[in-house]
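A look at the structure
Listed below, chain by chain, are the residues.
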Amino acid sequence: MTDSESGSWRDWYRQHASRLLLYARQWLPERADAEDAVQTGFVKFWRNKPNATESDTPLLYTTVRCAALDLLKRNARRVRREDQLALESGDVWWDADTLTHQEIACDIRRAMESLPAAQREVIVLRVWAELSFAEIAATVGESINTITSRYRYALEKLKKIMTEEDYERI
Amino acid sequence: MNESEFENQLRGLQPVSPSNSLQGRIAAALPLEKSRRNFLSVWLMERMLWAAGGAIAVWLLMPRPVLSPGPSIDATTPQVARAPRVSEEPSAWSDEGVQLIDGGTPARILRRLVLERHHSPDGNAEMRVPREDVILLPVAFR
């Protein structure tokens, strides 16, 4: 799908659904809640932009972000309780086919959750949603410089946490 | 491990896919897909064009009543009414002298009364119409 061409919503869904789910889980760790936010945001986006092109990608993430924050606001107490339950039940954010990968995925999730929400959001958008810094800035509503430095800082911190965990495991 | 290696390691993890029901829920919320809408509009447009073409063809092939020719026009009948003859007869002049008109322009004002006589082409009727002409002559003061 090039910038000028607009695909059907199914093309957009195939391309972004997993990423949007991971993004929504930064506020709504429970999978069902995050899926509700993705559904609300995606439908709202597609109704407003039925001929969306690649340049509208930040708007899609912004719409899902708003839906997730709305849901969080409405169900704050329940979400907090379920967050803890989801963490304890080992609910995964990434596909992991081997035990080692599952362990790494759990470590990264824990490390991610120790980051401030704003830094975690930038990491998800940059690493897994593969947005450019300019697109992230448009999604979050911050300047590119802020986003770039936030990302560098968050990545450094994440790397440090992961290294410490590796050290502790040895 | 440098920054880009660490980034690549993170990118190696694929986010889990949403449940199968999510796509179904979105499909239910979005009534008609764009491609389906386009297909419907093309289908409808095609049928409307065919119907319009058919209607034009029927109209062209439909027998029409032949109009009978009307009575022939007499060659002696005048095609266009002839204009009446007009003559005019000046009856009186009056000189109102130099006056300031249009907020200060000096001009000499002359009035002429004319009687127009309109004669019918056959000469059997006459109509008289009085007319007044106002003549302004610019004047320069020295």
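Residues numbered from 1 in each chain as written. Chains lettered and ligands numbered in written order. Predicted model: local features only at pLDDT ≥ 70, side-chain atom pairs only at ≥ 80, totals over all residues. Heavy atoms only, no water.

**Remarks on the overall build of chain A**
The helix and strand tally for chain A stands at 8 helices and 1 strand. Seen in sequence order, chain A has helices and strands lined up from the N terminus as α-α-α-α-β-α-α-α-α. The long-range share in chain A, meaning contacts at least 24 apart out of those at least 6 apart in sequence, stands at 65%. (Helix = DSSP H or I, 4+ residues; strand = E, 2+ residues; numbered from the N terminus. Contact = heavy atoms within 4.5 Å.)

**Concerning the overall build of chain B**
On a plain count of helices and strands, chain B comes out with 3 helices and 4 strands. For chain B, the succession of helices and strands along the chain, N to C, is α-β-α-α-β-β-β. Counting over 142 residues, chain B shows a buried share of 15%. Taking the contacts inside chain B whose residues are at least 6 apart along the sequence as the reference set, 40% of them involve residues at least 24 apart. For chain B, the exposed area adds up to about 11400 Å²; of that, 61% sits on carbon and sulfur atoms. (Buried < 20%, exposed > 50% of the residue type's maximum accessible area, 1.4 Å probe, protein only. Areas by Shrake-Rupley, 256 points an atom, 1.4 Å probe, with all protein chains shown as cover.)

**Things to note about the nonpolar core**
Grouped together as the largest cluster of nonpolar side chains are 58 residues, with contacts concentrated most on Trp94(A), Met112(A), Ile123(A) and Trp128(A). Leaving out residues up to four positions away in the same chain, Trp128(A) has contacts with Arg19(A), Leu22(A), Trp94(A), Ile108(A), Met112(A), Ile123(A), Leu10(B), Arg11(B), Leu13(B) and Pro15(B). (Core = buried A, V, L, I, M, F, W, Y, C linked by side-chain atoms within 4.5 Å.)

**Looking at the confidence of the model for chain B**
Scored by pLDDT, chain B comes out at a mean of 78, with 76% of its residues at no less than 70. The weakest mean pLDDT in chain B belongs to helix α3 (residues 34-61) of chain B at 73; the strongest belongs to strand β1 (residues 14-15) of chain B at 91. (pLDDT = per-residue confidence, 0-100.)

**A short note on the packing of helix α5 (residues 99-113) of chain A against helix α6 (residues 117-128) of chain A**
All names here are of chain A. One way to put it is that α5 packs onto α6 with a least axis distance of 10 Å and a crossing angle of 135 degrees. Our classification of the angle between α5 and α6 gives oblique. Between α5 and α6, the contacting residues are Ile108, Met112 and Glu113 on the first element and Arg120, Ile123, Val124 and Trp128 on the second. For the contact of α5 with α6, the class distribution of residues is 5 nonpolar, no polar and 2 charged. (Axes fitted to C-alpha atoms, helices over the stretch in contact; angles between N-to-C directions. Parallel < 35°, antiparallel > 145°, perpendicular 65-115°, else oblique. Nonpolar A, V, L, I, M, F, W, Y, C, P; charged D, E, K, R; others polar.)

**Some points on the interface of chain B and chain A**
Contact with chain B, which involves 24 residues of that partner, is made by 36 residues of chain A. Of the roughly 3200 Å² buried between chain B and chain A on both sides combined, carbon and sulfur atoms contribute 61%. Between chain B and chain A we count 3 salt bridges in total. For Glu3(B), the salt bridge identified is with Arg152(A), shortest N-O distance 2.6 Å. The tally of links between chain B and chain A comes to 13 residue pairs in polar contact (both at pLDDT 80 or more). (Buried area = accessible area lost by both parts, 1.4 Å probe. Salt bridge = Lys/Arg side-chain N within 4 Å of Asp/Glu carboxyl O. Polar contact = N/O pair within 3.5 Å; in protein donor to acceptor, adjacent residues only side chain to side chain.)

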